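Residues per chain, in single letters:
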Amino acid sequence: MNREEIKKIMPHREPMLLLDTVEVDAETGRAIGKYRVTGEEFFVQGHFPGNPIVPGVIQCEMIAQTICALLPQTAEGETVPMYAGLNNVKFKNPLVPGDVATMTVEIVNKKSIFYFAKGTLKANDKLCTSAEFSIAIVPKK
């Protein structure tokens, strides 16, 4: 999926849409998202001047948005995915302008409205971030 196709299944919009492409592999049940960090994003302009680094919380958001490609979609956007938990987060290497972030995710369990997933973000063949996510599918207000 390209950005326009992603917008059909996700509520996120610029400047918080942090996926350029996402592909779902039905065989493995995984999704792989990609985002090129340009350096023009609001979150690197002040983090840090002269040494821009994508904040860890934004990296977690990139992974979470990729998970959305695996979640059930409802007609007319009647529901929205919301963070319910974030566990075992690890930051290993920085993500910087010019990098292409590659997020690999999978759903590991489901209970009622809750989906439990894990994911990684890599750039330049190096692990930047890994985490476990809980996401709730809730009615849109």
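Now for a description of the structure that goes with this document.

What counts and how
Numbering of residues starts from 1 in every chain and runs along the sequence as written. pLDDT decides what is reported in this predicted model: residues at 70 or higher carry local features, side-chain atom pairs at 80 or more are listed and counted, and totals for whole chains, interfaces and linings draw on all residues regardless. To obtain the side-chain values, all non-hydrogen atoms of the structure were used and water was disregarded. By nonpolar core is meant a set of buried Ala, Val, Leu, Ile, Met, Phe, Trp, Tyr and Cys residues that side-chain atoms within 4.5 Å join together. Three exposure classes are used, based on accessible area relative to the maximum for each residue type with a 1.4 Å probe and protein chains only: buried under 20%, partly exposed in between, and exposed over 50%. Here a helix means four or more residues in a row that DSSP labels H or I, a strand means two or more in a row labelled E, and each is numbered from the N terminus. Two residues form a contact once any of their heavy atoms are found within 4.5 Å. In summary, the pairing rule links any two rings of Phe, Tyr or Trp, Trp by its six-membered ring, whose centres are within 6.5 Å, and it sorts them by plane angle into stacked for under 30 degrees, edge-to-face for over 60 and tilted for everything else. Every patch collects residues that have over 30% relative accessible area and no salt bridge, joining them within 9 Å if they carry like charges and within 5 Å if they are nonpolar side chains (Val, Leu, Ile, Met, Phe, Trp, Tyr). Only the protein chains shown count as covering a residue, and every accessible area follows the Shrake-Rupley method with a 1.4 Å probe. The term salt bridge refers to a side-chain nitrogen of Lys or Arg lying within 4 Å of a carboxyl oxygen of Asp or Glu. Only four residue types enter the charge count, namely Lys and Arg as positive and Asp and Glu as negative; His and the chain termini do not. Polar contact criterion, stated in full: a pair of N or O atoms within 3.5 Å, where within protein one must be able to donate a hydrogen and the other to accept it, and residues adjacent in sequence count only if both atoms are side-chain atoms. DSSP-based pairing: two strands are paired if at least 2 bridges between them are found. Where helices are involved, their axes are fitted lines through C-alpha atoms of the stretch in contact, as for all axes, and angles between N-to-C directions lie from 0 to 180°. By this rule the span expected of a helix is its residue count minus one, scaled by 1.5 Å.

Regarding the nonpolar core
In globular proteins that are soluble, nonpolar side chains generally tend to be buried together. Of all hydrophobic cores here, the largest spans 35 residues; its most connected members are Val54, Met62, Ile67, Leu95, Met103, Leu121 and Phe133. Every element with two or more residues in this core is listed here: β2 (30-36), α2 (42-45), α3 (56-68), β4 (100-111), β5 (114-123) and β6 (126-139). Residues in contact with Val54, not counting those within four places in the same chain, are Val37, Phe43, Val44, His47, Gln59, Met62 and Leu95.

Concerning the packing of aromatic side chains
Per the counting criterion, the structure on display carries two aromatic pairs. Judged by centre distance (5.2 Å) and plane angle (80°), the ring pair of Phe42 and Phe43 falls under edge-to-face. Under the relative-accessibility criterion, Phe42 is labelled partly exposed at 45%. According to the relative accessible area criterion, Phe43 is buried, its value standing at 7%.

So, a nonpolar patch on the surface
On the surface, Tyr83, Leu86, Val89 and Phe91 cluster together into a nonpolar patch covering about 350 Å² of accessible area. Note that Tyr83 resides in strand β3 (residues 79-91). A residue is classified by how much of its surface remains accessible, and Tyr83, at 39% relative accessible area, is partly exposed.

Some words on the side chain of Asp99
For Asp99, the position within the fold is in the loop between β3 and β4. Buried and unpaired, Asp99 has no salt bridge, with Arg36 as the nearest side chain of opposite charge at 8.9 Å. A polar contact is formed between the side chain of Asp99 and the side chain of Asn124, at a distance of 2.9 Å. Non-local contacts of Asp99, meaning those with residues more than four positions away in its chain, are made with Tyr35, Arg36, Val37, Pro94, Ala123 and Asn124.

Digging into the sheet that holds β5
Two pairing modes exist for strands in a sheet, parallel and antiparallel, and in both the strands are linked by backbone hydrogen bonds. Strand order in this open sheet of six strands is β1-β2-β4-β5-β6-β3, and the pairing throughout is antiparallel. Only two strands of the sheet have a single partner each, and these edge strands are β1 (21-25) and β3. Adjacent strand axes in the sheet meet at a mean angle of 25°, parallel and antiparallel pairs treated alike. When β3 meets β6, the two strands line up antiparallel, connected through ten bridges. Following the sheet pairing, Gly85 is matched in β6 by Ser134.

With respect to α3
Along its 13 residues, α3 runs 19 Å from first to last C-alpha, staying within 8% of the 18 Å computed at 1.5 Å per residue. Along α3, eleven of the 13 residues are buried, which leaves the element largely enclosed by surrounding structure. Residues of α3 that are buried: Ile58, Gln59, Cys60, Glu61, Met62, Ile63, Ala64, Gln65, Thr66, Ile67 and Cys68.

Some thoughts on the side chain of Ser130
Of note, Ser130 is situated in strand β6. With residues near it in sequence (within four places) discarded, Ser130 still touches Asn88, Val89, Lys90, Gly119 and Thr120.

Brief notes about the pairing of β2
Going residue by residue along β2, you find Ala31, Gly33 and Tyr35 tucked away on one face and Arg30, Ile32, Lys34 and Arg36 left uncovered on the opposite face. Where β1 lies against β2, five bridges are found, and the strand directions are antiparallel. For Glu23, the partnering residue across the bridge sits in β2 and is Ile32. Remark: four residues form the turn of the hairpin made by β1 and β2, two consecutive strands paired antiparallel; Gly29 in that turn has positive phi of roughly 75°. Where β2 lies against β4, seven bridges are found, and the strand directions are antiparallel. Looking at the pairing, Ile32 lines up with Thr104 of β4.

Distances and angles like these do not, on their own, reveal function.
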